[in-house]
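# Coordinate analysis (summary)
Letter by letter, the chains look like this.
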Amino acid sequence: MHAYTDYHSPVWTRELNNLFVKEYVSGTPINELSKRLGLTVSALLARASRKGLLSAGQPRPDGWRVRACMTCREDFGSEGVGNRICAECKRYM
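What this report covers is the structure whose coordinates are included nearby. (Residues numbered from 1 in each chain as written. Predicted model: local features only at pLDDT ≥ 70, side-chain atom pairs only at ≥ 80, totals over all residues. Heavy atoms only, no water.)

### Observations regarding the environment of Cys-72
When you line up the elements, Cys-72 lands in the loop between strand S1 (65-68) and strand S2 (75-78). With 58 residues separating them along the chain, Cys-72 and Arg-14 place their C-alpha atoms 8.3 Å apart. For Cys-72, the contacting residues outside a window of four places in its chain are Arg-14, Lys-51, Cys-86 and Cys-89. (Helix = DSSP H or I, 4+ residues; strand = E, 2+ residues; numbered from the N terminus. Contact = heavy atoms within 4.5 Å.)

### Considering unusual backbone geometry
Positive phi outside glycine occurs at Arg-73, with the angle close to 70°. Residue position: Arg-73 is located in the loop between S1 and S2. A relative accessible area of 44% places Arg-73 in the partly exposed class. (Buried < 20%, exposed > 50% of the residue type's maximum accessible area, 1.4 Å probe, protein only.)

### Digging into the pairing of S1
Pairing of S1 with S2 involves four bridges; the strand directions are antiparallel. Across the sheet, the residue bridging to Arg-67 is Phe-76, located in S2. Linkage of S1 to S2, two consecutive antiparallel strands, is achieved through a turn of six residues, within which Arg-73 is found at a positive phi near 70°. (Pairing = 2+ DSSP bridges.)

### A short note on the environment of Trp-12
Note that Trp-12 resides in the segment before helix H1 (14-25). Relative accessible area serves as the criterion here: at 15%, Trp-12 is assigned to the buried category. Sequence spacing of Trp-12 and Arg-47 is 35 residues, and the spatial spacing of their C-alpha atoms is 9.1 Å. Excluding residues within four positions of it along the chain, Trp-12 makes contact with Asn-17, Phe-20, Leu-39, Ala-43, Leu-44, Arg-47 and Glu-74.

### Some points on the pattern of salt bridges
Under the defined criterion, the tally for this structure stands at six salt bridges. Between Arg-47 and Glu-74 there is a salt bridge, with the nearest N and O atoms lying 2.8 Å from each other. Separated by 27 residues along the polypeptide, Arg-47 in helix H3 (residues 41-50) and Glu-74 in the loop between S1 and S2 bring together distant segments of the chain. Overall, the relative accessible area of 10% leaves Glu-74 in the buried class. Note that Arg-47 is salt-bridged to Glu-88, the shortest N-O span being 3.8 Å. Residue Arg-47 is located in helix H3, and its partner Glu-88 is located in helix H4 (residues 87-91); the two are separated by 41 residues in the primary sequence. Of the two residues examined, Arg-47 and Glu-88, each falls in the buried class. Each of Arg-47, Lys-51, Glu-74 and Glu-88 takes part in a single network of salt bridges with overlapping partners. (Salt bridge = Lys/Arg side-chain N within 4 Å of Asp/Glu carboxyl O.)

Dropping the structure here:
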């Protein structure tokens, strides 16, 4: 179903990422997403963490919403209108 690297990690395409973010934010249970996308729960939780989707029991800021990164165009959890670049892209700037 998905392309894999030499280390058997899924290649996260923009389409796969955006589908995952949409489903995760809408409240689809992680176990159901795992079955539907053919990925492990651990891989999905790691992706949710990298994309700023996990709130760790904390309420999300008022301006929080899913936005497209201005660099890679993948959806991520943005903490406000001034947060337009995902954490992964910020790491390489």
